[in-house]
Amino acid sequence: MEHLLGGTGIRRRSGRVVALGSTAVLAAAGAGPLVMLTSSTASANAALVVSTLADTGAGSLRQAMLDANSAAGVDTITFMSGLTGTIDVLSDLPHLYEGIDLQGPGASVITIDGGWTAAGYDGDPTGHTLFVLDNLYVADGASTISGVTITGGNGTDNKDNSGGAIQKLYGDADLTIDDVVLTGNYSANDGGAVHLYNTGGTVTIRDSVISNNVAYYSGGALYSGGDGALTLILTNVEITGNTAGDGDGGGLYLEETDTTISNSTIDGNVSEGNGGGISSGTGSLTISNSTIDGNVSEGNGGGIFLYYGSLTISNTTISGNEGFAGGGIYAKYLGSDLDIINSTISGNRSTSEEVGVGGGGILLNDADAVLIQSTVTANSSDATYAVGGIQSRGSGPGEYDLTLIGSIVAGNDDLDIGGSVNGSNVSVFSECSVLGVIDPDVSLTDDGGTQVGVTDPMLGLLANNGGITKTHALLAGSPAIDAGPDPIFVFDGNEFDQRGVGFARIVFGVVDAGAFEMQEPEPETTTTTTTAPTTTTTTTTNAPVVPAFTG
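Since the structure is predicted, the reported quantities are computational estimates derived from the model, not experimental observations.

1. Re the overall build of the protein chain
Along the backbone of the protein chain there are one helix and 48 strands. Counting across all 551 residues of the protein chain, residues that qualify as buried make up 55%. Sequence separation of at least 24 residues holds for 77% of the intrachain contacts in the protein chain that already meet a minimum separation of 6. When the accessible surface of the protein chain is summed, it comes to about 22,000 Å², and 52% of that surface belongs to carbon and sulfur atoms.

What follows is the structure, given as structure tokens:
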């Protein structure tokens, strides 16, 4: 797929207004950006208040954005107390050329609606451009957008028709999106809700929802790419029901971006290309305390598609995803190992029927991986050579390593660990792990304590067993109980199992294999019934006293 994201081109800055007397003057050609001088404008670092739901005029959001453009520095936009409802945007909002601090009263209070409807997906040019942060080169140009719902945006006036709700272009200024709902936005190119292009700095999204957005190409919820050195941080974010129509990354498309995702949910996203939940390339991706569930890709990597770059996953559940190859994770040409720690890969499916193309849980293509205290189970593959668990293969002859420490890879469809059909040499190095059926062509080196050929690891169903992610509890008699490394392998957070604080990692002297640790049983509750003695109360009624008279 070819993206029309060529050079930066020539951009014009418009609508910049400063006050100099009472006469409007236009700057001479060649003297820099076109500047209108008027007698009425906002002052630097102005506090601008939206007091009406009207699209234009005094007190409107549009006027506040125009006034922010006319004043140097970062300007604050707030909303009048008691103002509630929807601002219907009837034409493209002005681009913002310096930082703003937009402080909404809450996503349930104010909605900004660009007017796009689902008909726009078929080419109907409904909807309007909303927030475009353009050329944020100044050091004090950091922006914040908080406390609003943004919907119905259509990136028709954005860079390459991208970014339905928010687009950040160029420069190194930071952007924070906080307590925002981005829903029902559209891009005719990339980034259904958010488009980050050729930008550096740090973009932080927290306590927000990005749902039901559509990108015609890549990044149904968010697209990040270009030549910038961007850091992206997502904390407590729900990314759900987004669509990449003809590209990669139904939820997130990340190119040359260092991304950290924590305490978040990425579920129900769809991509016609690779990466139903996430597509990440040539950058680092770190995921912790999160759930990636029920995403679908027609290409590879139902949950996550990774090429080059690196991936570290901890205390996370990847479940119920579907992709052509690599139902849970597809990793290709990694620059460093794929590390999975204290995590669960369960119930994912590879839909490919091609010989040697499977990996229901994980498919490693020209990539190595390390799993520590993790569980890979109940995954499936539709391929003729079916590897339901972890498949490691190469594009041609080569050496590829899979390292398993204190982990469970068992109870998957057909083969739990499989190799390649094209001559690649796959080596598994295992320590104190519980493994199921392994392809005889895969070389296994046991560094001690590994159980092989376990067809039933005796795990409970994937369920809420405490913590913020679902896990498979160990049933009584499971071969994984007390089967982990002694002493436990050293890693950050190894004092707890996947569920986190409150769930000790070593309970009965030796760590269990897998992501779940059997805990001490809850003390039995004893109910004591006490019968109070029966008390009888006798009431005596005295006869009236008749006085005696004497004569």
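Now that the structure has been shown, the text picks up again.
2. Topic: the pairing of strand S33 (residues 338–341)
In this sheet, S33 lies alongside strand S29 (residues 310–314) in parallel orientation, the contact comprising four bridges. Across the sheet, the residue bridging to leucine 311 is leucine 338, located in S33. Relative to strand S37 (residues 369–372), S33 runs parallel, the two sharing four bridges. Residue isoleucine 341 lies in a different strand from S37, and its bridge partner there is isoleucine 372.

3. Examining the pattern of salt bridges
All told, the structure shown has seven salt bridges when counted by the stated rule. Between glutamate 322 and arginine 349 there is a salt bridge, and its shortest N-O distance comes to 3.4 Å. With glutamate 322 in strand S31 (residues 322–323) and arginine 349 in strand S35 (residues 349–350), this residue pair connects regions lying 27 residues apart in the sequence. One salt bridge in this structure joins arginine 349 and aspartate 382, with 2.5 Å as the shortest N-O distance. You can see arginine 349 sitting in strand S35 and its partner aspartate 382 sitting in the loop between strand S39 (380–381) and strand S40 (387–393), a full 33 residues away along the chain.

4. Points about the environment of leucine 133
Its place among the elements puts leucine 133 in strand S9 (residues 131–136). Once residues lying within four places of it in the same chain are set aside, the contact partners of leucine 133 are Leu96, Ser143, Gln167, Lys168, Leu169 and Leu175.

5. Focus: the nonpolar core
Core analysis: the biggest nonpolar cluster contains 76 residues, and Leu61, Phe131, Ile150, Ile166, Ile278, Ile304 and Ile329 have the highest contact counts within it. In this structure, phenylalanine 131 is in contact with Leu61, Met65, Leu96, Leu102, Ile112, Ile145, Ile150, Ala165, Ile166 and Gln167, ignoring residues within four places of it in sequence. Ala410, Val454, Leu459 and Ala473 belong to the second largest nonpolar core, which has eleven residues in total.

6. Here's the deal with unusual backbone geometry
Cis geometry marks the peptide bond from aspartate 486 to proline 487, where omega comes out at 10 degrees. Turning to its location among the elements, proline 487 is positioned in the segment after strand S48 (471–474). If you check the backbone angles, asparagine 198 has positive phi at about 50 degrees while not being a glycine. Notably, tyrosine 308 is not glycine yet its phi reads approximately 50 degrees, a positive angle. Here tyrosine 308 falls in the partly exposed class, since its relative accessible area comes to 43%.

7. Points about the packing of aromatic side chains
Here the structure, examined in full by the defined rule, presents eight aromatic pairs. Where tryptophan 116 meets tyrosine 186, the ring centres are 5.0 Å apart and the plane angle is 5 degrees; that geometry is what we call stacked. Residue tryptophan 116 is located in the loop between strand S8 (110–113) and S9, and its partner tyrosine 186 is located in strand S13 (residues 186–187); the two are separated by 70 residues in the primary sequence. A single burial state applies to tryptophan 116 and to tyrosine 186, both of which are buried. Measuring from centroid to centroid gives 5.6 Å for phenylalanine 305 and tyrosine 307, while their planes differ by 40 degrees, and the two rings are tilted. In this structure, phenylalanine 305 and tyrosine 307 share a single accessibility class: buried.

8. Concerning the side chain of serine 162
By secondary structure assignment, the location of serine 162 is in the loop between strand S10 (143–151) and strand S11 (166–171). Other than its neighbours up to four places away in sequence, serine 162 contacts Gly155, Gln167, Ser187, Asn189, Asp190, Gly191 and His195.

9. Notes on the confidence of the model for the protein chain
Regions with low pLDDT carry predicted coordinates that are not meant to be interpreted in detail. On average, residues of the protein chain carry a pLDDT of 86, and 83% of them reach 70 or more. The model gives residues 1–44 a pLDDT under 50, and that stretch makes 78 contacts with residues more than four places away or in other chains. Within the model, the stretch residues 535–551 combines pLDDT values under 50 with zero contacts to residues more than four positions away or in other chains.

10. Here we look at helix H1 (residues 61–70)
Of all ten residues in H1, eight are buried; the element is thus mostly enclosed. Buried within H1 we find Leu61, Arg62, Ala64, Met65, Asp67, Ala68, Asn69 and Ser70.

11. Here we look at the environment of asparagine 464
Counting through the fold element by element, asparagine 464 comes out in the loop between strand S47 (459–463) and S48. Considering only alpha carbons, one finds asparagine 464 and arginine 499, 35 residues apart in sequence, at a separation of 9.6 Å. At 3.1 Å, the side chain of asparagine 464 and the backbone nitrogen of glycine 466 are in polar contact.

12. Points about the environment of glycine 99
Tracing the chain through its elements places glycine 99 in the loop between strand S6 (85–88) and strand S7 (100–103). Considered as a pair, glycine 99 and threonine 144 are 45 residues apart in the sequence and their alpha carbons are 8.0 Å apart.

13. A look at the side chain of serine 290
The topology assignment puts serine 290 in the loop between strand S25 (284–288) and strand S26 (291–293). In this structure the side chain of serine 290 is engaged in a polar contact, spanning 3.3 Å, whose partner is the backbone nitrogen of asparagine 263. Dropping the residues within four chain positions of it, serine 290 is found in contact with Ile261, Ser262, Asn263, Ser264, Asn315, Thr316, Thr317 and Thr469.

What counts and how
- Residues numbered from 1 in each chain as written.
- Predicted model: local features only at pLDDT ≥ 70, side-chain atom pairs only at ≥ 80, totals over all residues.
- Heavy atoms only, no water.
- Helix = DSSP H or I, 4+ residues; strand = E, 2+ residues; numbered from the N terminus.
- Buried < 20%, exposed > 50% of the residue type's maximum accessible area, 1.4 Å probe, protein only.
- Contact = heavy atoms within 4.5 Å.
- Areas by Shrake-Rupley, 256 points an atom, 1.4 Å probe, with all protein chains shown as cover.
- Pairing = 2+ DSSP bridges.
- Salt bridge = Lys/Arg side-chain N within 4 Å of Asp/Glu carboxyl O.
- Core = buried A, V, L, I, M, F, W, Y, C linked by side-chain atoms within 4.5 Å.
- Phe/Tyr/Trp six-rings, centres within 6.5 Å; stacked < 30°, edge-to-face > 60°.
- pLDDT = per-residue confidence, 0-100.
- Polar contact = N/O pair within 3.5 Å; in protein donor to acceptor, adjacent residues only side chain to side chain.

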